[in-house]
Amino acid sequence: MANPNVDEQVLRVIVNRASPRPADFRLRKGENGLSLFLGSMVPTTRIIDAVQAAGKKGELTVAVIPVSLLYDLGLTIVATPGGTADREVNAIHVEARFPFLSRLILRLKGRTVHDEFNERVSPRIAQAATILG
Amino acid sequence: MATAMNPPALENRSEIAALFVERAPVLVEVRFPRMATAPDWYLCETEDDLRRVTAPLGAGVELHLHSVWDLRNVTVPSVIKR
């Protein structure tokens, strides 16, 4: 899968509320990058169904994030297999990660990838993301 | 103590039982790895509570269990006084 273009969008499944929150886009320990699905390749209802089938609670919707924002934040997008039970949904799974050089610089500064991502990147994504109407 | 496990297998049963007996309540983080969504969180007092949480979960989900007594407040606490 080629890297998405700047005019494309990626998706994150979130609990439906007035606006996305930074907590919807935080990295947990053990995660290399923010788990996302590429937009417009599989119906969003199918993506939500796949996540719901895994047991995710709440009324779910999809937050739409411009790929250009992720690139502006210094992230790369890497295709990795999804973890749902739906093969088609898994095929459009990607992760937004810091590139190797950025991770190295963070390490030299004594800063973890998670701290940097959650403090600097997550709020920006939450600000820019829109909920699919 | 933090314990991670795969819910369908519910491995480490004796460890989990001890966690509830000795250090309840237990904060349960349900992660959905590579599913593009944030974790769900539950506070469980008993193993039965945990079973109710895990019953509807599908394959590939991870549970991370922490006794609330092990939680550290690394920032300024939020205090509400009335």
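This text follows the structure it describes.
Visitor: Explain the overall build of chain B to me, please; I cannot follow it from the model alone.
Guide: Along its length, chain B carries two helices and four strands. Each helix (α) and strand (β) of chain B, taken in turn from the N terminus, gives the series β-α-β-β-α-β. Across the 82 residues in chain B, those meeting the buried criterion constitute 39%. Carbon and sulfur atoms provide 54% of the accessible area of chain B, an area that totals close to 5,000 Å².

Visitor: Is there a simple way to explain the environment of V64 of chain A in this structure?
Guide: All names here are of chain A. Note on placement: V64 falls in strand β3 (residues 60-66). Judged by its relative accessible area of 7%, V64 falls in the buried class. Look past the residues within four positions of V64 in its chain and what remains in contact with it is Q9, V10, L11, A128, A129, T130 and L132.

Visitor: Please clarify how the pattern of salt bridges should be interpreted in this entry.
Guide: Pairs can form between side chains of opposite charge whenever their charged atoms are close. Residue and element names in this part refer to chain A. Tallying each qualifying case throughout the model produces 13 salt bridges over all chains. The salt bridge partner of R46 is D86, with a shortest N-O separation of 2.7 Å. Placement of the pair is R46 in helix α1 (residues 44-53) and D86 in the loop between β4 (76-79) and α3 (87-90), with a sequence separation of 40 residues. The structure contains a network of salt bridges with shared partners spanning R111, E116, E119 and R120.

Visitor: Would you take a moment to explain the side chain of T84 of chain A for this structure?
Guide: Among the structural elements, T84 of chain A can be located in the loop between β4 and α3. A distance of 3.1 Å separates a polar side-chain atom of T84 of chain A from the backbone nitrogen of D86 of chain A. For T84 of chain A, the side chain forms a polar contact with the side chain of N90 of chain A, separated by 2.7 Å. The contacts of T84 of chain A, once residues within four sequence positions are left out, are F37, A50, V89 and N90 of chain A together with M35 of chain B.

Visitor: Can you help me understand the sheet that holds β4 of chain A in this one?
Guide: All names here are of chain A. On the basis of which strands lie adjacent, the open sheet formed by six strands has the order β4-β5-β2-β1-β3-β6 and antiparallel pairing. A single partner strand is all that each edge strand has here, and the edge strands are β4 and β6 (130-131). In this fold α1 packs onto β1 (9-15), β2 (34-38) and β3, with an angle of close to 120° to the strand it touches most, β3. Across the sheet, helix α5 (residues 113-128) is in contact with β2, β3, β5 (93-97) and β6; its angle to β3 comes to roughly 100°.

Visitor: Can you walk me through the pairing of β5 of chain A in this structure?
Guide: In regular strands, side chains alternate between the two faces of the sheet. Residues and elements named next belong to chain A. The element β5 is extensively covered by neighbouring structure, given that four of its five residues are classed as buried. As judged from the four bridges shared by β4 and β5, these two strands associate in the antiparallel manner. Within β5, the residue paired with V78 across the bridge is E95.

Each value, and the rule that gives it
- Residues numbered from 1 in each chain as written.
- Chains lettered and ligands numbered in written order.
- Predicted model: local features only at pLDDT ≥ 70, side-chain atom pairs only at ≥ 80, totals over all residues.
- Heavy atoms only, no water.
- Helix = DSSP H or I, 4+ residues; strand = E, 2+ residues; numbered from the N terminus.
- Buried < 20%, exposed > 50% of the residue type's maximum accessible area, 1.4 Å probe, protein only.
- Areas by Shrake-Rupley, 256 points an atom, 1.4 Å probe, with all protein chains shown as cover.
- Contact = heavy atoms within 4.5 Å.
- Salt bridge = Lys/Arg side-chain N within 4 Å of Asp/Glu carboxyl O.
- Polar contact = N/O pair within 3.5 Å; in protein donor to acceptor, adjacent residues only side chain to side chain.
- Pairing = 2+ DSSP bridges.
- Axes fitted to C-alpha atoms, helices over the stretch in contact; angles between N-to-C directions.

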